[in-house]
Amino acid sequence: MGAVVGTLTMQTKQRRRPSRDKIDDELEMTMVCHRPEGLEQLEAQTNFTKRELQILYRGFKNECPSGVVNEETFKHIYAQFFPHGDASTYAHYLFNAFDTTNNGSIKFEEFVMGLSTLLRGTMREKLEWTFHLYDINNDGYINREEMTEIVRAIYDMMGKYTYPALKGDVPKQHVDAFFQKMDKNKAGVVTLEEFIVACQEDEMMMRSMQLFENVM
């Protein structure tokens, strides 16, 4: 899933380390000052094993020693993966999607719940999460302005080296095409069900959503 997800989860893809490192990991989990409320509970609520959660938490603590990440730190981490573009706006929206309590910081529990959905959730769960990302004002609908903001932020983040001939109206054209397929009743907004049905029925649209998903 790239970016912050890649930074904080790359250890999960490594082979099992020697037993000494395993002991150190587990010892750290018992000593940190801001540990999750319970790995067993998180294991039941996510699609990760207890061992994976321990490794994820170690990575999270390495990047965020306080045990929580604020928006500025989140943006700084994310920007490192898109040096040719401006990732700040997209990182802002992505931060808000992870910050489910809307308190201006992301705890490990919030991060790992979202990560579980993005990496191992069902297609519907992933689409629901993506809908929430696009629904900037959290009113249960996506309007053209919200989708345009997200799409433009993605293009800005990818930078001129990815889209060397990108014209200013391309994000709008992209959104117009989406709305033509999603907004079946021409209400000017897209509901969750309209969003999910349109993505599931249109292979090209699903590919577009998966492309955007890769920058999360």
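Thresholds applied
Residues numbered from 1 in each chain as written. Predicted model: local features only at pLDDT ≥ 70, side-chain atom pairs only at ≥ 80, totals over all residues. Heavy atoms only, no water. UniProt positions renumbered as here; feature names shortened; annotations may be inferred. Helix = DSSP H or I, 4+ residues; strand = E, 2+ residues; numbered from the N terminus. Phe/Tyr/Trp six-rings, centres within 6.5 Å; stacked < 30°, edge-to-face > 60°. Buried < 20%, exposed > 50% of the residue type's maximum accessible area, 1.4 Å probe, protein only. Salt bridge = Lys/Arg side-chain N within 4 Å of Asp/Glu carboxyl O. Axes fitted to C-alpha atoms, helices over the stretch in contact; angles between N-to-C directions. Parallel < 35°, antiparallel > 145°, perpendicular 65-115°, else oblique. Left-handed = near helix turned anticlockwise from the far one by under 90°. Contact = heavy atoms within 4.5 Å.

Asker: Even after reading the chapter, I still don't get the UniProt feature "domain: EF-hand" (unreviewed entry) in the protein, so can you show me in this structure?
Answerer: In the numbering used here, UniProt assigns the "domain: EF-hand" (unreviewed entry) feature to residues 86-121, 122-157 and 170-205. For residues 122-157, the helix share is 72%, the strand share is 6%, and the end-to-end C-alpha distance is 27 Å. In residues 170-205, the share of helix is 72% and the share of strand is 6%. The end C-alpha atoms are 16 Å apart.

Asker: I tried to follow the packing of aromatic side chains on my own but got confused; where do I start?
Answerer: The geometry of an aromatic ring pair is captured by two quantities: the separation of the ring centres and the angle between the planes. In total, this model carries 12 aromatic pairs according to the counting rule given. Judged by centre distance (5.6 Å) and plane angle (65°), the ring pair of Phe131 and Phe195 falls under edge-to-face. Note that Phe131 is positioned in helix α8 (residues 123-134) and Phe195 in helix α11 (residues 192-201), a separation of 64 residues in sequence. Each member of the pair, Phe131 together with Phe195, is buried. Every member of this aromatic cluster is reached through a ring pair, and the members are Tyr57, Phe60, Phe74, Tyr78, Phe82, Tyr90, Phe95, Phe98, Phe108, Phe111 and Trp129.

Asker: Is there a simple way to think about the pattern of salt bridges in this case?
Answerer: Two side chains of opposite charge can pair, provided their charged atoms sit close to one another. A full pass over the atoms with the stated rule returns eight salt bridges. Close ionic contact of Glu71 with Lys75 constitutes a salt bridge, the shortest N to O distance being 3.3 Å. Here Glu71 and its partner Lys75 are both found in helix α5 (residues 71-79), four residues apart, which amounts to about one turn of the helix. A salt bridge links Glu193 to Arg124; its shortest N-O distance comes to 2.5 Å. One end of the pair, Glu193, is in helix α11; the other, Arg124, is in helix α8, with 69 residues separating them in the sequence. One salt-bridge network, held together by shared partners, links Arg124, Glu128 and Glu193.

Asker: Before we go on, may I ask you to explain the packing of helix α6 (residues 88-98) against α8 in this structure?
Answerer: Any two packed helices are characterised by the angle at which their axes cross and by the distance between the axes. Contact geometry of α6 with α8 gives a least axis separation of 9 Å together with a crossing angle of 120°. Accordingly, the angle class assigned to the pair α6 and α8 is oblique. Pair α6 / α8 crosses with right-handed handedness. Residues Tyr90, Tyr93, Leu94, Ala97 and Phe98 of α6 pack against Trp129, His132 and Leu133 of α8.

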